[in-house]
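Chain residues, written in single-letter form:
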Amino acid sequence: MAVFVFGIMLGNKDSLGFKMGRDEAQKLDQYVETTAFIMRLFIFILLGGQVDFGLMNQYLFGGIVVVLIFMLVARPVTVFLCALPDQRAQWSFNEMLFMCWTRETGVIPAALAGLLLGMKAPGAPIVASVTFIAILMTILIQAPTTKWLGGRLGLLEKK
């Protein structure tokens, strides 16, 4: 609860009248970034240590199909449904296409899969295996092609 309240105060420091110097703000940003990085590493280490590779191999084809549906259908539908009504942002079509392809690392699904495994929920090993397949696919397919796609869509800044 204390961390939650601190986050609310920190996020609204200007409206609450808290002043922060440039050096303090920079140090706080570095601390938050470092802590978030360590927590993401921790989550992936925990998930990776609990994945049953035999089960993952058993559900490999089905997992790949599910992940491809998420990557090529569910995410684009979600991006367009969420971004199109946002009139203030004025997203271009190319920017929305880029958002459809840009992947997250999977830290939230990994954390949720880890929670399911920890609770010994029914089907949790299968969920964790498919989650691990999704993480691998985004790292192996989307990560290496993100910069290329940004260039093809004309979204990279010229140096």
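Above this text is the structure in question.
As the structure is a computational prediction, the values presented were derived from the model and not from experiment. (Residues numbered from 1 in each chain as written. Predicted model: local features only at pLDDT ≥ 70, side-chain atom pairs only at ≥ 80, totals over all residues. Heavy atoms only, no water.)

## What to know about the overall build of the chain
Here is step 1 of the chain: A count of helical and extended segments in the chain gives 8 helices and 0 strands.
Here is step 2 of the chain: Scanning the chain from its N terminus toward the C terminus, one meets helices and strands in the order α-α-α-α-α-α-α-α.
Here is step 3 of the chain: Against the globule reference of 15 Å for 159 residues, the chain gives a C-alpha radius of gyration of 20 Å, more extended than a compact globule.
Here is step 4 of the chain: Projected onto its principal axes, the C-alpha positions of the chain cover 55 × 40 × 30 Å.
Here is step 5 of the chain: Of the contacts made within the chain by residues no fewer than 6 positions apart, 73% connect residues no fewer than 24 positions apart.
Here is step 6 of the chain: Of the accessible surface of the chain, which amounts to about 11800 Å², a share of 69% is contributed by carbon and sulfur atoms.
Here is step 7 of the chain: Distance between charge centres in the chain, computed from 13 positive and 10 negative side chains, equals 5 Å. (Helix = DSSP H or I, 4+ residues; strand = E, 2+ residues; numbered from the N terminus. Rg over C-alpha atoms; globule rule 2.2 N^0.38 Å. Contact = heavy atoms within 4.5 Å. Areas by Shrake-Rupley, 256 points an atom, 1.4 Å probe, with all protein chains shown as cover. Lys, Arg positive; Asp, Glu negative; His and termini not counted. Charge placed at Lys NZ, Arg CZ, Asp CG, Glu CD.)

## Brief notes about the side chain of S129
Here is step 1 of the chain: Turning to its location among the elements, S129 is positioned in helix α8 (residues 124-152).
Here is step 2 of the chain: Judged by its relative accessible area of 0%, S129 falls in the buried class.
Here is step 3 of the chain: Apart from residues lying up to four places away in sequence, S129 is in contact with D52, L55 and M56. (Buried < 20%, exposed > 50% of the residue type's maximum accessible area, 1.4 Å probe, protein only.)

## A few points about unusual backbone geometry
Most peptide bonds adopt trans geometry, and most residues besides glycine take a negative phi value.
Here is step 1 of the chain: In this model, Q90 sits at a positive phi of 50 degrees, which is unusual for a non-glycine residue.
Here is step 2 of the chain: Inspection of the secondary structure puts Q90 in the loop between α5 (60-83) and α6 (93-101).
Here is step 3 of the chain: Look at K120: it is not a glycine, yet its phi comes out positive at around 55 degrees.
Here is step 4 of the chain: With respect to the helices and strands, K120 occurs in the loop between α7 (107-119) and α8.

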